[in-house]
Amino acid sequence: MSASTEERRAQLATNLERVRTRIALACDEAGRSPDEVTLTVVTKFFPASDVRLLAGLGVRHVGENRHQEALAKAGECADLDLTWHFIGALQSNKASAVAAYASVVESVDREKLLAALGRGAHAADRVLDVLVQVSLDEATGTGRAGIAPDRVLGLAEAVATTPGLRLRGLMAVAPLGRDPQPGFTKLAALAAEVREGHPDATWVSAGMSGDLETAVRCGATHVRIGSAVLGERPAKR
């Protein structure tokens, strides 16, 4: 291992330990076990070499936002025991292709995507885990992506009845520039409603580098962490 690679590994190890400690402390405050929270490291714009180092440090869940980058990176790291999460905006014409490498798609926000995802899952001979992305902004179309809260149950039902797809729960991003607590509390309530009809849909993906503690307190089962592990994101390529 070169000196620069060793330095990068040490940096990632230090950052990972800090994030894992934050998760553990947040769980302790919430009366939860850290085992209840899955850390997904978001590697957008970072090289496959970082993914390899992360895998060596025990990371098993990796998140990507862009299809072309994710496809290439998953291919380069195909020998690693990783679960790839697609968490970015999903285009209808790319949905089937995403199912070829992703085990989890967290950003399903419209029914139009489902048939293509199902076809992709069938072609890859897998069952694709799906999260419905909820908009926590007061008015959809003005901020983060996601389906309006009052339409969540309908989309969840559609996911659950699409061959090749498995409804796992909900995902959301906190509203920009506002306290994340109200939004994550709403997400937890919606997730409980979904579980009434779909008891196995137990995942709640919420929380990023700046608000993971709030998400954990509100019941998040998955947190999506980028900069707190990998550092400042490189310029867009």
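Right above here is the structure, for reference.
Model, not experiment: these values are computed from the prediction. (Residues numbered from 1 in each chain as written. Predicted model: local features only at pLDDT ≥ 70, side-chain atom pairs only at ≥ 80, totals over all residues. Heavy atoms only, no water.)

Caption draft 1: Quick peek at the overall build of the chain. Counting secondary structure elements, the chain contains nine helices and eight strands. Taken over C-alpha atoms, the radius of gyration comes to 17 Å for the chain, in line with the 18 Å a tight globule of 237 residues would show. Put simply, the chain shows about 10900 Å² of open surface, and 49% of that area lies on carbon and sulfur atoms. (Helix = DSSP H or I, 4+ residues; strand = E, 2+ residues; numbered from the N terminus. Rg over C-alpha atoms; globule rule 2.2 N^0.38 Å. Areas by Shrake-Rupley, 256 points an atom, 1.4 Å probe, with all protein chains shown as cover.)

Caption draft 2: View of the state of the cysteines. Here the structure, examined in full by the defined rule, presents zero disulfides. In this structure Cys-27 is not part of a disulfide, and its nearest cysteine sulfur, from Cys-218, lies 13 Å away. Of the residues examined, Cys-27 reaches a relative accessible area of 0% and is grouped as buried. (Disulfide = S-S within 2.5 Å. Buried < 20%, exposed > 50% of the residue type's maximum accessible area, 1.4 Å probe, protein only.)

Caption draft 3: Structural context of unusual backbone geometry. Although it is not a glycine, Phe-45 adopts a positive phi angle of roughly 75°. As for its placement among the helices and strands, Phe-45 is situated in the loop between strand S1 (38–42) and helix H2 (48–56). One non-glycine residue, Asp-125, adopts positive backbone phi at about 55°.

Caption draft 4: Layout of the packing of helix H1 (residues 3–30) against H2. Contact geometry for H1 and H2: axes closest at 10 Å, N-to-C directions at 55°. It follows from the interaxial angle that H1 and H2 lie oblique. Judged by the sense of rotation from one axis to the other, the crossing of H1 with H2 is right-handed. Residues Thr-5, Arg-8, Arg-9, Leu-12 and Leu-16 of H1 form the contact with H2, whose participating residues are Asp-50, Leu-53, Leu-54 and Gly-56. A class-by-class count of the residues in the contact of H1 with H2 yields four nonpolar, two polar and three charged. (Axes fitted to C-alpha atoms, helices over the stretch in contact; angles between N-to-C directions. Parallel < 35°, antiparallel > 145°, perpendicular 65-115°, else oblique. Left-handed = near helix turned anticlockwise from the far one by under 90°. Contact = heavy atoms within 4.5 Å. Nonpolar A, V, L, I, M, F, W, Y, C, P; charged D, E, K, R; others polar.)

Caption draft 5: Just the side chain of Glu-64, in detail. Locating Glu-64 in the fold gives a position in strand S2 (residues 61–64). The exposure class assigned to Glu-64 is buried, which follows from its relative accessible area of 1%.

Caption draft 6: Layout of the pattern of salt bridges. Here the structure, examined in full by the defined rule, presents 10 salt bridges. Among the ionic pairs, Glu-69 bridges to Lys-73, the shortest N-O distance being 2.8 Å. One end of the pair is Glu-69 and the other is Lys-73, both in helix H3 (residues 67–76) and four residues apart, which spans about a single turn. Judged by relative accessible area, which is 8%, Glu-69 ranks as buried. Sharing partners across several salt bridges, the network here consists of Glu-64, Arg-66, Glu-69 and Lys-73. (Salt bridge = Lys/Arg side-chain N within 4 Å of Asp/Glu carboxyl O.)

Caption draft 7: Structural view of helix H7 (residues 180–197). Between the first and last C-alpha of H7 there are 27 Å, a value that for 18 residues agrees with the 26 Å anticipated at 1.5 Å per step. Those residues of H7 that sit buried are Pro-180, Gly-183, Phe-184, Leu-187, Leu-190, Ala-191 and Val-194. Buried residues of H7 fall within an arc of 120° about the axis and therefore sit on the same side. Opposite the buried face of H7, by more than 90 degrees, sit the exposed residues Pro-182 and Glu-196. (Expected span 1.5 Å × (residues − 1). Arc of directions from axis to C-beta.)

Caption draft 8: Structural detail: the nonpolar core. By size, the foremost hydrophobic cluster in this structure holds 70 residues, and its most contacted members are Val-105, Leu-117, Leu-170 and Val-229. Per element, the largest residue contribution to this core is six residues, and it comes from H1. Excluding its chain neighbours within four sequence positions, the residues that come into contact with Leu-170 are Leu-131, Val-132, Val-134, Val-152, Leu-187, Leu-190, Ala-191, Val-194, Trp-203, Val-204 and Ser-205. Core analysis: the next-biggest nonpolar cluster, separate from the first, contains five residues, Val-104, Leu-131, Met-171 and Trp-203 among them. (Core = buried A, V, L, I, M, F, W, Y, C linked by side-chain atoms within 4.5 Å.)

None of the figures reported here should be taken as evidence of function without further support.
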